[in-house]
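In case you want the letters, here they are:
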Amino acid sequence: MEPSTTEMEDTWINSELVDLTSERPPDCFTSRAVRINKYDDTMNLHATNAINDWRTAMSDDAERKVGHTFSPVGNVSSFLFPECSSDNVHILGYFTELAFIHDDITDALSSKDAKEENKHLSHALDLKDNHLGTSERGKTMKKFLSQKVLELVKIDTEEGQQFVQLFKVWADDQTRLKNPQTIESIDGYFHFRQLDGGVRAYWYWLAFSHGDVFTQADWGSIEDLIKSANRAFIWTNDYFSWPRERSYGQGRIANVIEFYMRTEGLSEEEAKQKTKEEILQGEQRFHDMCVERFAQEPNLPRHIKKLLQVAEIAMGGYNFWASTCPRLNSWKEQSSTAESTLHGTENDGVEIHSTGKAQLAKPVEINQTSNASQENTKTQLQPSVSHSDSMEYTSILDDSALLAPVRYIESLSSKNVVAKLIDAFNVWMQVSPKPLAAIKDAMNDLHNSSLILDDIQDDSPLRRGKTATHLIFGPAQTINSATYMFVKAAQVVDALGTPQMMTALLQGLETQFIGQSWDLNWRNHFHCPTESEYLDMVDKKTGAVLTKMVELMQANSEITPFSYRLSPLARRFGRWYQIRDDYMNLQGADYSKKKGFCEDLDEGKLSYPIVKCCQKSETIKNIILGIFQQARMTKTKMVRESKLQILDLMSSVAALEDTFDYLQQLQREIEQDIREIEVLTGESNPELLLVVKALAVIPKPNGKGN
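Residues numbered from 1 in each chain as written. Predicted model: local features only at pLDDT ≥ 70, side-chain atom pairs only at ≥ 80, totals over all residues. Heavy atoms only, no water.

### Here's the deal with the overall build of the protein
A count of helical and extended segments in the protein gives 32 helices and 6 strands. The buried share among the 706 residues of the protein stands at 53%. Within the protein, contacts between residues at least 6 apart in sequence are counted, and of these 76% link residues at least 24 apart. Of the roughly 31600 Å² that the protein leaves accessible, carbon and sulfur atoms contribute 51%. (Helix = DSSP H or I, 4+ residues; strand = E, 2+ residues; numbered from the N terminus. Buried < 20%, exposed > 50% of the residue type's maximum accessible area, 1.4 Å probe, protein only. Contact = heavy atoms within 4.5 Å. Areas by Shrake-Rupley, 256 points an atom, 1.4 Å probe, with all protein chains shown as cover.)

What follows is the structure in structure tokens.
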């Protein structure tokens, strides 16, 4: 990694160095050092205040549907302003979050409505104009931001006035923007993005974060360096935001990857690779230019030199943050059901209604019913069979046959892990009793449905030590009942009247089905996935169940500084739970009693221990897959001797030991996450730790089966 331009020993007072040798996310590729502000928790706190204040003032529900400044590695402001003083942390954390909310709202609006929204913001930030405006939304925004500026910014100082003025300049710049897909030169695109991306405001805010005031002469003296840095910043943003921007409507995409595809005829992958290479070249170019300037001007003013040094670190920090943040990476869990075509309508997204409020279009359209119609849902679902319109229909058939398979599986003993997790997470989330009970009902319905369908797909004879449901009621009736449970869960969620819950439910189910599809695909084709492929499948299958649980709860709770930590914790818990199940199926005596000896081997399941084993030896992989294939062809259960042979093969390469070690690692990470969230919330969570400790009872590998 190239060193930063740092020479002044006291430049780094308010930040800490991030160890990229051990903490680099897989998608982070910066060549720069990364530093995080020491007051990251304060950044998160004031970003949360901004979200909650927006919700209270604007009442448009936008704050729940946009990307935020949070990430598992820290707040974006902590990386963009790593040397922000403690005096200004609250201002940068708050207003950067507001900028993100505003940016996402305008991204989803038509061009015409986006310009109107930018005019509202510009007017609200005009300190010399006390007129509230004519539209209701404009008036509300003016009151809201005027109050927050007075509360947070020392507006009687030059620095404070300049801070607010540059926020206004960003809004003004955006009102003049045209269709980015009419730009044909890279210089034209770069000029467009400097206005659109808010980089002018960034440099002033960076100086503000240090408590420094720059003259116009100061800015003019480093204009070439700022321009060089801007290109690296903008290209980095385009690279990481491309997966979500590629679905925007025609005329709305402002991304260098789209520009290269359109003007140079590059494929998507070629354009992404070119952008990545230019980011690294841009980082190095800015570094070299700074080193040269420092050598040429040894008496360069201290505040200018510090600004440039911190900007180089911020380049690496933004790359680091962007590679992990939910704002730019949620697409990985919420795969679209259709290919993006880079086409669309001008009005996709947010609509400005006659009330003057901006409302984000729902990702999934849900038919809402009135309270009265909801009360009659069960009646409406009954078959409408009538020989005469004048005859009153009376049903003689009830839902007992439909629910019988479900009632059976509910009667079997269960650890009720999901219900316990809901209660445990609610220690932090504080969902009120009514929606919490509904979430438990919906998750229980979905869990029972998945168990029933899993047993059919796996051809399992047992469930919890008893006869599997489909062997009692038959596959056809059982499938019918299991799929009905999706309808029932959707009804429960829809009855609460919170659209975000239905979105979370449907997106979570889609992700879950995608994960299950790969599990079945590999088994059907006798293909052993890589470890990373397997873990991605588990995160989509089991992890999605628990992240869906968290998102349903978050739709009914306050957004807090720790909200962004809960879904990753749930996903990690799901991974741990699934791999634990894989391991216990091969090692646990209790599992053998309830499911049969090494039942996963009967199914030909490519579980985590099998994947670890096959990775270590091609010969062993061929033997195991051959045994699976022969068992499938003969349509018989695997003989005990073959199972013992596979266990011996796993023992020979320590596959079960590796699995056990990984389970211990995941448990440590989960417990560490819990401790960190407990610190953030000031609320201990013994309920969640008890769930972890109960599941942590795992036998050490013994090399052989029972």
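### Section: the nonpolar core
Counting 92 residues, the largest nonpolar core has Trp203, Trp219, Ile222 and Trp321 as the members making the most contacts within it. Considering every element that reaches this core, the biggest residue donor is helix α14 (residues 302-322), with 12 residues. Once residues lying within four places of it in the same chain are set aside, the contact partners of Ile222 are Phe214, Arg293, Ile304, Leu307 and Leu308. Residues Tyr534, Leu535, Trp576 and Ala655 belong to the second largest nonpolar core, which totals 90 residues. (Core = buried A, V, L, I, M, F, W, Y, C linked by side-chain atoms within 4.5 Å.)

### Examining the packing of aromatic side chains
Under the defined criterion, the tally for this structure stands at 25 aromatic pairs. Ring geometry for Phe81 against Tyr202: centres 5.5 Å apart, planes inclined by 40 degrees, an arrangement best described as tilted. With Phe81 in the loop between α3 (76-80) and α4 (89-107) and Tyr202 in helix α9 (residues 199-209), this residue pair connects regions lying 121 residues apart in the sequence. Pair check on accessibility: Phe81 and Tyr202 agree, each one buried. Between Phe190 and Trp235, the ring centres sit 6.1 Å apart and the planes meet at 75 degrees, which makes this aromatic pair edge-to-face. (Phe/Tyr/Trp six-rings, centres within 6.5 Å; stacked < 30°, edge-to-face > 60°.)

### Some thoughts on unusual backbone geometry
The residue Phe526 is not glycine, and still its phi comes out positive at about 50 degrees. Residue placement: Phe526 occurs in the loop between α23 (499-524) and α24 (531-554). Phi at Ala654 takes a positive value of approximately 60 degrees, unusual for a residue other than glycine. Given the relative accessible area of 24%, Ala654 is considered partly exposed.

### Here's the deal with helix α5 (residues 111-124)
Look at α5: 20 Å from first C-alpha to last across 14 residues, which is about the 20 Å you get at 1.5 Å a residue. Three or more residues of α5 are buried, namely Ala114, Glu117, Asn118, His120, Leu121, Ser122, His123 and Ala124. (Expected span 1.5 Å × (residues − 1).)

### A closer look at the pattern of salt bridges
Applying the stated rule across the entire model yields 32 salt bridges. Between Arg463 and Asp455 there is a salt bridge whose closest N-O contact spans 2.7 Å. Each member of the pair, Arg463 as well as Asp455, is classed as buried. (Salt bridge = Lys/Arg side-chain N within 4 Å of Asp/Glu carboxyl O.)

### Focus on the confidence of the model for the protein
Counting all residues, the mean pLDDT for the protein is 81, and 81% of those residues have values of 70 or more. Residue range residues 1-7 is modelled with pLDDT below 50. Its contacts to residues more than four positions away, or to other chains, number 26 contacts. (pLDDT = per-residue confidence, 0-100.)

### Focus: the side chain of Asn255
Among the structural elements, Asn255 can be located in the loop between α11 (223-245) and α12 (256-264). Polar contacts involving the side chain of Asn255 include one to the side chain of Glu245, which spans 3.1 Å. Within polar-contact distance, the side chain of Asn255 engages the backbone nitrogen of Ile257 at 2.8 Å. Apart from the residues within four sequence positions on either side, Asn255 is in contact with Tyr189, Asp238, Ser241, Trp242 and Glu245. (Polar contact = N/O pair within 3.5 Å; in protein donor to acceptor, adjacent residues only side chain to side chain.)

### Focus on the packing of helix α18 (residues 400-411) against helix α20 (residues 433-458)
Taken N-terminus to C-terminus, the directions of α18 and α20 make an angle of 95 degrees; their axes are 10 Å apart at the nearest point. Between α18 and α20, the angle is such that the two are roughly perpendicular. Contact residues: α18 offers Pro405, Val406, Ile409 and Glu410, while α20 offers Asn444, Asn448, Leu451 and Ile452. Taken together, the residues of the contact of α18 with α20 break down into 5 nonpolar, 2 polar and 1 charged. (Axes fitted to C-alpha atoms, helices over the stretch in contact; angles between N-to-C directions. Parallel < 35°, antiparallel > 145°, perpendicular 65-115°, else oblique. Nonpolar A, V, L, I, M, F, W, Y, C, P; charged D, E, K, R; others polar.)

### Re the state of the cysteines
Within this structure, the stated rule accounts for 0 disulfides. With no disulfide of its own, Cys613 lies closest to Cys614 among cysteine sulfurs, the gap being 5.4 Å. According to the relative accessible area criterion, Cys613 is buried, its value standing at 0%. (Disulfide = S-S within 2.5 Å.)

### Thoughts on helix α29 (residues 618-634)
Along its 17 residues, α29 runs 24 Å from first to last C-alpha, staying within 8% of the 24 Å computed at 1.5 Å per residue. Every buried residue belonging to α29 is among Ile620, Ile624, Leu625, Ile627, Phe628 and Ala631, and all of these are buried. Considered in projection along α29, the buried side chains sweep an arc of 150 degrees and stay on one side of the axis. For α29, exposure combined with an orientation more than 90 degrees from the buried face picks out Thr619 and Met633. Where α29 is buried, its residues touch α27 (599-603), α28 (608-616) and α30 (640-652). (Arc of directions from axis to C-beta.)

### What to know about the environment of Ser77
Relative to the helices and strands, Ser77 is located in helix α3. A relative accessible area of 0% means that Ser77 is categorised as buried.

### Section: the packing of α11 against α12
Running from N to C, α11 and α12 cross one another at 85 degrees; their axes reach a closest spacing of 8 Å. One element, α11, and the other, α12, form an angle in the roughly perpendicular class. Side by side, α11 and α12 meet where Trp235, Asp238, Tyr239 and Trp242 of the first sit next to Val256, Ile257, Glu258, Tyr260 and Met261 of the second. Residues that form the contact of α11 with α12 fall into these classes: 7 nonpolar, no polar and 2 charged.

### Section: the environment of Asp104
Looking at where Asp104 falls in the secondary structure, it is placed in helix α4. The class of Asp104 is buried, set by a relative accessible area of 7%. Taking the C-alpha atoms as reference, Asp104 lies 9.3 Å from His68; in sequence the two are 36 residues apart.

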